[in-house]
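Chain residues, written in single-letter form:
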Amino acid sequence: LYNVPRSVQRLPQDTSKNSPWRLAAPEAVSNFSATAYYFGKILYEQLQVPIGLVNISYGGSPVEAFMDENTLKTFPEIKVPAKTDTNKLNNKVATVLYNGMLRPFLGYTIKGCIWYQGESNNDRPQQYETLFPAFVKQIREQSEQGDFPFYYCQIAAYHYNNYTAVNAVNNNSAYLRDAQRKALAKIPNSGMAVLMDIGEEFNIHPMNKATGSKRLAYMALTKTYGYKGFAGESPAYESMTINGNIATLKFKNAANGLTAFGKPLGLFEIAGSNKIFLPATAYVMGGVVVVSAPDVKEPVAVRYAFKDFVVGDLFSTEGFPVSSFRTDDW
């Protein structure tokens, strides 16, 4: 395990602060990313080759803090500190973690990257939809190792209205989760671990780290290492067709079907052209979900679990939760 020491820098650095490589013994693990540790442990158990993990993280940071000045030129609304600026910096400021923590490691040979971030961009979901793929493109180009695997956790559902660190007009974290979902199509060789079933209403970082790590590891084993015979990804919304007052939703990555594990689906909403969403009746039919509501005669849009805090109730038969999603762009 290698922990990159926290470092906020105004100028790009060639090296980071000193830190030793440490074997994954209890003392070292206790001060490491739990998600990364469990991920590496599963890979080691299956691959039986040495696993090295470099942890470059700083809690509560927006993605632009890990991006360089040149990449951020296409996002003029993000302020980059001037080299002559004397204001005190912190991890919320654009470029400063790239300069002090990430840049020194971009020449390091790696097999792939796992990423768990997004909470601090919750107030800017529309921007994140393009900002996040730009970040991934940046580190791939600067690493000069091609489109290496990039697997990330979708942020867990949480009651953001109680999170005073985020000053958003709309604190519904479903919009940021949706930005992450849509980013998948913009990032080659990527995957997203969905955490819809383990979020905690009053804890922004859910305590159940092992489940998210396992999903990242299964993704790596199936998509990167070619393991077969088990699922590695959550089902993902693919398309919608409407017949009368019934909307039928199709999903990919659901070869063995969908399930609610014997419980009713209670998180679907449906809307007509008035854009007013009403609770819907939904049920699973193999690999599709059929949705309707008596007061919506001509549906045009469906949303699933599109709330700030919610516990998902739709899964693949292998137990992978479906991400919250919307068919509209309202």
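These remarks concern the structure in this document. Everything numeric here is computed off the predicted structure, so don't read it as measured data.

What counts and what doesn't
- Residues numbered from 1 in each chain as written.
- Predicted model: local features only at pLDDT ≥ 70, side-chain atom pairs only at ≥ 80, totals over all residues.
- Heavy atoms only, no water.
- Helix = DSSP H or I, 4+ residues; strand = E, 2+ residues; numbered from the N terminus.
- Rg over C-alpha atoms; globule rule 2.2 N^0.38 Å.
- Buried < 20%, exposed > 50% of the residue type's maximum accessible area, 1.4 Å probe, protein only.
- Contact = heavy atoms within 4.5 Å.
- Areas by Shrake-Rupley, 256 points an atom, 1.4 Å probe, with all protein chains shown as cover.
- Lys, Arg positive; Asp, Glu negative; His and termini not counted.
- Charge placed at Lys NZ, Arg CZ, Asp CG, Glu CD.
- 1 Å grid on protein atoms, 1.4 Å probe; cavity = no way out; pocket = protein on both sides within 12 Å on 5 of 7 lines; lining within 4 Å.
- Points joined across faces, edges and corners; volume = space filled by probe spheres on them.
- Nonpolar A, V, L, I, M, F, W, Y, C, P; charged D, E, K, R; others polar.
- Salt bridge = Lys/Arg side-chain N within 4 Å of Asp/Glu carboxyl O.

**Observations concerning the overall build of the chain**
Step number 1: In terms of helices and strands, the chain carries six helices and 15 strands.
Step number 2: Taking 20 Å as the expected radius of gyration for a compact globule of 330 residues, we find that the chain reaches 21 Å, a close match to that expectation.
Step number 3: In the chain, which comprises 330 residues, the proportion classed as buried is 49%.
Step number 4: Within the chain, contacts between residues separated by at least 24 positions form 71% of all contacts whose residues are at least 6 apart in sequence.
Step number 5: Of the accessible surface of the chain, which amounts to about 16,100 Å², a share of 51% is contributed by carbon and sulfur atoms.
Step number 6: The centroid of the 32 positive side-chain charges in the chain is displaced by 3 Å from the centroid of its 28 negative side-chain charges.

**Considerations on helix H5 (residues 174–183)**
Step number 1: Here H5 lies mainly inside the structure; nine of its 10 residues are buried.
Step number 2: If you check which residues of H5 are buried, you get Ala174, Tyr175, Leu176, Arg177, Asp178, Ala179, Gln180, Arg181 and Ala183.

**Re empty space enclosed by the protein**
A water-sized probe, rolled over the atoms, reveals where empty space remains.
Step number 1: A complete count under the given rule lists one cavity of 30 Å³ or more for this structure.
Step number 2: Here the largest cavity is characterised by a volume of approximately 50 Å³.
Step number 3: Every residue lining the largest cavity is listed: Thr35, Tyr116, Cys153, Leu195, Ile198, Pro206, Asn208, Lys209, Gly212 and Ser213.
Step number 4: Sorting elements by how many residues they give to the lining of the largest cavity places helix H6 (residues 209–224) first, with three residues.
Step number 5: For the lining of the largest cavity, a count of residues per class yields five nonpolar, four polar and one charged.

**Topic: the environment of proline 299**
Step number 1: Checked against the element boundaries, proline 299 lands in the loop between strand E12 (288–292) and strand E13 (301–304).
Step number 2: Considering only alpha carbons, one finds proline 299 and asparagine 243, 56 residues apart in sequence, at a separation of 9.1 Å.
Step number 3: When neighbours within four sequence positions are excluded, proline 299 is seen to be in contact with Ile242, Gly244, Asn245, Ile246, Ile270, Ala271 and Gly272.

**A few points about the layout of surface pockets**
Step number 1: Size it by volume and the second largest pocket reaches roughly 340 Å³.
Step number 2: Contributing to the lining of the second largest pocket are 16 residues, with Arg181, Leu184, Ala236, Tyr237 and Lys252 lying nearest its centre.
Step number 3: Mapped onto the lining of the second largest pocket, the elements with two or more residues apiece are H5, strand E5 (190–193) and strand E6 (236–243).
Step number 4: The residue inventory of the lining of the second largest pocket, partitioned by class, reads seven nonpolar, four polar and five charged.

**Topic: the pattern of salt bridges**
Step number 1: For the coordinates displayed, the defined rule picks out 17 salt bridges.
Step number 2: Between lysine 83 and glutamate 69 there is a salt bridge, with the nearest N and O atoms lying 3.1 Å from each other. With a gap of 14 residues between them, lysine 83 in the loop between strand E2 (54–55) and helix H3 (96–102) and glutamate 69 in the loop between E2 and H3 connect regions that are remote in the sequence.
Step number 3: For glutamate 69, a relative accessible area of 39% gives the class partly exposed.
Step number 4: Glutamate 129 is paired through a salt bridge with lysine 186; the nearest N and O atoms lie 3.5 Å apart. Of this pair, glutamate 129 sits in helix H4 (residues 125–143) while lysine 186 sits in the loop between H5 and E5; the two residues are 57 residues apart in sequence, bridging distant segments of the chain.
Step number 5: With a relative accessible area of 42%, lysine 186 lands in the partly exposed category.

The values are spatial; any link to function lies outside them.
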